[in-house]
Amino acid sequence: MSSALKDAITQFIEANDSGGDGVFSTGIDGLHIMRSTEPKMPHAMIYRPALCVILQGAKQLMLNDRVIDYAEMQALIISIELPAAGRVTQASVEKPYMAISLEFNVGMMREVMEQLEGPPKPTGGAQLGIFVENLGDELADCLLRLTRLLSNPSAIPVLYPAIMREICFWLLTGPNGGEVCKLVLPDGQTRRIADAIRLLRDNFAEPVRIEQLAAAARMSPSSFHQHFKTLTSMTPLQYQKQMRLLEARRLMVAGHANVESAAYRVGYESASQFSREYARMFGTPPKRDVTEMRMAAE
């Protein structure tokens, strides 16, 4: 199954980019394919709830003070929106890193869970909203059929929903169904923290008010703070800071702002403080970092 999936991914990349490296969008919303012939430096971004599978090579995800490694035929399952930095750790021309990621359709997952005769029970206590499991044959088969759909765009709207429902089924009934189901339980801690994260994301340039975020999560401030840090490995203030810096980087790379205007647009009152925190997160001052990113994209 793994060789067939690798072949399907390789055929898609060669048909769309002559076998080059990069992140490839597809005709399916939320489905992306990655390929690299060399290890990569850490790349920070916002990870949305998704299934991320490595078909060849290995990757490392750095989440504040946590490091998560996963490799060939393993799946990274993300249940909550998280800022993190990922880097390819194993890749070569002979054996390029290849991976596929599929964002979850939360509404569809909820529908599937409601139809299960014996729905999974959430595991006790709050845990980090991201984990690794080995890829089972059933999920691998679903991803293979999903990839093969890409060569026949007219089939996607007809067949994709059924395959996505099947993916939801295998995840919910798999070994970590008790964790996956937390993504859709309307009154579960994961969903309530996700509501607070949505408020934080929509107002990230504003000062953080823990009481307001706790109210959105329907928790006391102390309980909210504890559950937020358990799920994300960071405090709300640290989370907001990473979101601000990622957005500022995006604005500068796109040419929509210089260092000073980007700092103020994302909520900083001091451009010098912004530059210090930017260099701490990305390893280099903003001007140099943006220049290097633009050169790498050419």
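Preceding this section is the structure that the text describes.
The sections below set out a description of the structure shown in this document. Quick caveat, the model's predicted, so the values are computed rather than measured. (Residues numbered from 1 in each chain as written. Predicted model: local features only at pLDDT ≥ 70, side-chain atom pairs only at ≥ 80, totals over all residues. Heavy atoms only, no water.)

1. Notes on helix α6 (residues 189–202)
Between its terminal C-alpha atoms α6 stretches 20 Å, which fits the 20 Å expected from 14 residues at 1.5 Å a residue. Of the surrounding elements, those touching the buried residues of α6 are α7 (210–217), α8 (221–232) and α9 (236–253). (Helix = DSSP H or I, 4+ residues; strand = E, 2+ residues; numbered from the N terminus. Expected span 1.5 Å × (residues − 1). Contact = heavy atoms within 4.5 Å.)

2. Details of the sheet that holds strand β8 (residues 82–90)
Read across the open sheet, the 4 strands follow the order β3-β8-β5-β6; overall the sheet is antiparallel. The open sheet is flanked by β3 (43–47) and β6 (66–71), the only strands paired with a single partner. Sheet twist, expressed as the average angle between the axes of neighbouring strands with direction ignored, equals 30 degrees. With 5 bridges connecting them, β3 and β8 associate as antiparallel partners. For I46, the partnering residue across the bridge sits in β8 and is P83. With respect to the sheet, α9 is in contact with β3 and β8, its orientation differing from that of β3 by roughly 115 degrees. (Pairing = 2+ DSSP bridges. Axes fitted to C-alpha atoms, helices over the stretch in contact; angles between N-to-C directions.)

3. Topic: the pairing of strand β9 (residues 97–103)
Taken across its 7 residues, β9 has 6 buried, putting it largely inside the fold. The pairing of strand β2 (residues 31–36) with β9 spans 6 bridges and is antiparallel. Among the inter-strand pairings, R35 is bridged to a residue of β9, identified as M98. (Buried < 20%, exposed > 50% of the residue type's maximum accessible area, 1.4 Å probe, protein only.)

4. Here's the deal with the sheet that holds β9
Taken together, the 6 strands give an open sheet; going across it, the order is β1-β2-β9-β4-β7-β10, and neighbouring strands pair in antiparallel fashion. Strands with a single pairing partner mark the edges of an open sheet, and in this sheet they are β1 (22–25) and β10 (130–134). With direction set aside, neighbouring strand axes in the sheet form an average angle of 20 degrees. Across 4 bridges, the pairing between β1 and β2 is antiparallel. The partner of S25 across the bridge, within β2, is H32.

5. Re the environment of V53
With respect to the helices and strands, the residue V53 is situated in strand β4 (residues 50–56). Residue classification places V53 among the buried residues on the basis of a relative accessible area of 1%. Expressed as a C-alpha distance, the spacing of V53 and N134, which sit 81 residues apart in the sequence, is 9.3 Å. Aside from chain neighbours lying at most four places away, what touches V53 is Q74, A75, M98, A99, I100, L135 and L143.

6. Observations regarding the packing of aromatic side chains
What the rule picks out here adds up to 6 aromatic pairs. Here F274 and Y278 contribute two aromatic rings whose centre-to-centre distance is 5.6 Å and whose plane-to-plane angle is 55 degrees, an arrangement assigned as tilted. In this pair, F274 and Y278 are both assigned in helix α11 (residues 271–282), 4 residues apart and thus about one turn of the helix distant. Of the two residues, F274 and Y278, both sit in the buried class. Their ring planes at 55 degrees and their centres at 4.6 Å tell us that Y278 and F282 sit as a pair that is tilted. Taken together, the residues span about one helical turn, with Y278 and F282 both in helix α11 at a distance of 4 residues. The two residues Y278 and F282 agree in class, both being buried. (Phe/Tyr/Trp six-rings, centres within 6.5 Å; stacked < 30°, edge-to-face > 60°.)

7. Looking at the nonpolar core
In this structure, L51, M109, L146, I167 and L171 are the most contacted members of the largest nonpolar core, which totals 47 residues. Listed by contribution, the elements that provide at least two residues to this core are α1 (2–17), β2, β4, β7 (74–78), β9, α2 (106–115), α3 (137–149) and α4 (156–172). The element that contributes the greatest number of residues to this core is α4, accounting for 8 residues. Apart from the residues within four sequence positions on either side, M109 is in contact with F104, C168, L171, L172, V180, L183 and V184. Counting 35 residues, the second largest nonpolar core, distinct from the first, contains M34, I193, L213 and A217. (Core = buried A, V, L, I, M, F, W, Y, C linked by side-chain atoms within 4.5 Å.)

8. Regarding α3
For α3, with 13 residues, the first-to-last C-alpha span of 18 Å sits near the 18 Å given by 1.5 Å per residue. Restricting attention to buried positions, one finds in α3 the residues L139, A140, C142, L143, L144, L146, T147 and L149.

9. Comments concerning the side chain of T232
Position of T232 among the secondary structure elements: in helix α8. Judged by its relative accessible area of 0%, T232 falls in the buried class. Within the local environment of T232, its side chain forms a polar contact with the backbone oxygen of F228, the two atoms lying 2.8 Å apart. Among the polar contacts made by the side chain of T232, one reaches the main-chain carbonyl oxygen of M234 at a distance of 3.0 Å. Sequence-distant contacts of T232, defined by excluding residues within four places in its chain, comprise L63, L82, L128, I197 and Y239. (Polar contact = N/O pair within 3.5 Å; in protein donor to acceptor, adjacent residues only side chain to side chain.)

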